[in-house]
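Tertiary structure, described
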Amino acid sequence: MFSEGAPRLIDANVTIPRLQDGDPGHIVVEAYPGMLARSIIGRRSYKQDTKKKQTQDQRTARLQLLSALRDGDAEARYSFAIEASEALCDNPGGDHLDALLCAIQAAWAWRNRENGFGGA
């Protein structure tokens, strides 16, 4: 993905904090949903694109992940509460839950914009 994405980001003249000064009105940060998920539920699998490999345990892991976020984990980590429907967990591929995890990371980065968007 990097070999496809990096040239496009450069051509788009976006700002990538600590990497590229581009248009300050178009800022790009990377979100990594798996990192956030693992920090909450460990290395348990919570998604699977292959229908034959989808399990009830993965659904349970998605529900536990969402429950932890809604029940204060996000507030403790990021200082904001999460309200989200359990229906996010109905997608075995995890795309809907991953979108929430990315949104959480993006919101945190925005809150830390004066501090380099939280980058190291």
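What counts and how
- Residues numbered from 1 in each chain as written.
- Predicted model: local features only at pLDDT ≥ 70, side-chain atom pairs only at ≥ 80, totals over all residues.
- Heavy atoms only, no water.
- Helix = DSSP H or I, 4+ residues; strand = E, 2+ residues; numbered from the N terminus.
- Buried < 20%, exposed > 50% of the residue type's maximum accessible area, 1.4 Å probe, protein only.
- Contact = heavy atoms within 4.5 Å.
- Lys, Arg positive; Asp, Glu negative; His and termini not counted.
- Charge placed at Lys NZ, Arg CZ, Asp CG, Glu CD.
- pLDDT = per-residue confidence, 0-100.
- 1 Å grid on protein atoms, 1.4 Å probe; cavity = no way out; pocket = protein on both sides within 12 Å on 5 of 7 lines; lining within 4 Å.
- Points joined across faces, edges and corners; volume = space filled by probe spheres on them.
- Nonpolar A, V, L, I, M, F, W, Y, C, P; charged D, E, K, R; others polar.
- Axes fitted to C-alpha atoms, helices over the stretch in contact; angles between N-to-C directions.
- Parallel < 35°, antiparallel > 145°, perpendicular 65-115°, else oblique.
- Core = buried A, V, L, I, M, F, W, Y, C linked by side-chain atoms within 4.5 Å.

The next point concerns the overall build of the chain. Within the chain, the regular secondary structure consists of 4 helices and 2 strands. Judged by the C-alpha coordinates and their principal axes, the chain covers about 45 × 35 × 20 Å. Taken across its 120 residues, the chain has 31% of its residues classed as buried. If you take every contact in the chain between residues at least 6 apart in sequence, the share linking residues at least 24 apart comes to 48%. Charge separation in the chain, taken as the distance between the mean sites of 15 positive and 16 negative side-chain charges, equals 7 Å.

Confidence in the prediction for the chain averages 93 pLDDT; 98% of positions are at 70 or higher. Mean pLDDT across the secondary structure elements of the chain bottoms out at helix 1 (residues 2-11), with 90, and peaks at helix 2 (residues 33-41), with 96.

Taken as a whole, the largest pocket spans an internal volume of roughly 900 Å³. Lining of the largest pocket is provided by 30 residues; of these, I16, V28, V29, E30 and A31 occupy positions nearest its centre. Residue contributions to the lining of the largest pocket peak at 5 residues, all from helix 1. Split into classes, the residues belonging to the lining of the largest pocket amount to 20 nonpolar, 7 polar and 3 charged.

Look at helix 3 (residues 56-78) against helix 4 (residues 95-111): their axes get within 12 Å of each other, and the N-to-C directions meet at 5°. Relative to helix 4, the element helix 3 lies roughly parallel. Here R62, L65, L66, L69 and Y78 of helix 3 lie close against helix 4, whose contacting residues are L97, L100, L101, I104, W108 and R111.

What follows deals with the nonpolar core. Of all hydrophobic cores here, the largest spans 19 residues; its most connected members are Y46, L65, L69, I82, L100, L101 and I104. Of all the secondary structure elements, the ones that give two or more residues to this core are helix 2, helix 3 and helix 4. Considering every element that reaches this core, the biggest residue donor is helix 3, with 6 residues. Contacts of I104, omitting those with residues within four sequence positions, involve L36, L69, Y78, F80 and I82.

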